[in-house]
Amino acid sequence: MRKKIVAGNWKMNTDLKEGMELAKAVEKLEQEKQSDALVIIAPPYTHLSRVNDLIDGVKLGAQNCASEESGAYTGEIAPDMLVSVGVEYVIIGHSERRSFYHEDDALLNKKTKIALSKGLKPIFCCGEVLEEREGGKLYDVIREQLSVGLAGLSKEDMSKIVIAYEPVWAIGTGVVATPDQAQEMHKFIRDLLVELFDKQVAEDMTILYGGSCKPSNASEIFANPDVDGGLIGGAALKAEDFLAIVNAY
Ligand code: 13P
């Protein structure tokens, strides 16, 4: 049985005080949850150490990490630093990193490898933009992002990875993918993993859906056989909404 996960990506939101309050509220509600999904929160870097002291059932994620181990890389945060403050998961290849910071598949592959080598579990994101979907290129785009991004990983590495499918046109737009659109792409990703790795890797892979997920639409998306949870942006900033999504499982 593969793991079900609901992860909250806080993006560049909350100051430290607000973040600590949100983490406390999420932890409290997590203890009363009616779901067996694992709950992860990914606050901004500045909050990680303090938030780690406030959570127990909730697991800690970071939103990014450096592609290098240490050294003269001003402004970067190394995987080891994340591990040292209690981070277990790291989001890699979010579409906002790909588009605003020009992170390409080769760089994301490097980040994934270094994160794994330091014991972090990558949440590797992929997703097409609207023109790619409308132009019929959506499957080629996802194939490229995953085959380059996950190149050279072993089956053992893959057992520590979570994949998040986040169609860029659905992120922060209020336009959620239909349950059929989500299922079709998740099935495509699982079939691709059979091709790139093997059946076991594909069967065991947790594949999350992300993009305008809300308490009102989560259960119909999660009902799909190849959707194993969600990566939540805006709705993760309110503990009640976030846990309502968790409980939609
Ligand atoms: P929204 O849920 O705000 O659309 O964001 C999704 C996302 O990008 C999570 O990583």
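Look up a bit, the structure's there.
Anyway, here's the lowdown on the structure attached to this text. Note that the coordinates shown come from a computational prediction; the quantities given were computed from them, not determined experimentally.

## Here we look at the sheet that holds strand E4 (residues 89–92)
Consideration 1: Pairing within the closed barrel is parallel, and its 8 strands lie in the order E1-E2-E3-E4-E5-E6-E7-E8. Adjacent strand axes in the sheet meet at a mean angle of 25°, parallel and antiparallel pairs treated alike.
Consideration 2: Pairing of strand E3 (residues 59–62) with E4 involves 2 bridges; the strand directions are parallel. If you follow Ala62 over to E4, its bridge partner there is Val90.
Consideration 3: Its contacts with the sheet put helix H7 (residues 138–149) on strand E5 (121–126) and strand E6 (162–165), and the angle it makes with E5 is roughly 155°.

## Comments concerning the side chain of Gln63
Consideration 1: In this structure, Gln63 sits in the loop between E3 and helix H3 (79–84).
Consideration 2: Looking at Gln63, its side chain comes within polar contact range of the main-chain oxygen of Ala42, at 2.9 Å.
Consideration 3: Polar side-chain contacts of Gln63 include one of 3.4 Å to the backbone oxygen of Pro43.

## Quick look at helix H12 (residues 239–247)
Consideration 1: Along H12, the residues classified as buried are Ala239, Phe242, Leu243, Ile245 and Val246. Along the axis of H12, the buried positions cluster into a sector of 150°, meaning they face one direction only.

## Observations regarding the layout of surface pockets
To find leftover empty space, one rolls a probe the size of a water molecule over the atoms.
Consideration 1: If you add up the space inside the largest pocket, you get close to 460 Å³.
Consideration 2: Lining the largest pocket we find 15 residues, and of these Lys11, Met12, Gln63, Arg97 and Tyr101 sit closest to its centre.
Consideration 3: Here the lining of the largest pocket is composed, by residue class, of 7 nonpolar, 5 polar and 3 charged.
Consideration 4: The calculated volume of the second largest pocket comes to roughly 310 Å³.
Consideration 5: Lining the second largest pocket are 17 residues; nearest its centre among them are Met158, Ser159, Lys160, Ile161 and Asp204.

Parameters and conventions
Residues numbered from 1 in each chain as written. Predicted model: local features only at pLDDT ≥ 70, side-chain atom pairs only at ≥ 80, totals over all residues. Heavy atoms only, no water. Pairing = 2+ DSSP bridges. Helix = DSSP H or I, 4+ residues; strand = E, 2+ residues; numbered from the N terminus. Axes fitted to C-alpha atoms, helices over the stretch in contact; angles between N-to-C directions. Contact = heavy atoms within 4.5 Å. Polar contact = N/O pair within 3.5 Å; in protein donor to acceptor, adjacent residues only side chain to side chain. Buried < 20%, exposed > 50% of the residue type's maximum accessible area, 1.4 Å probe, protein only. Arc of directions from axis to C-beta. 1 Å grid on protein atoms, 1.4 Å probe; cavity = no way out; pocket = protein on both sides within 12 Å on 5 of 7 lines; lining within 4 Å. Points joined across faces, edges and corners; volume = space filled by probe spheres on them. Nonpolar A, V, L, I, M, F, W, Y, C, P; charged D, E, K, R; others polar.

Nothing here speaks to function; it is geometry throughout.
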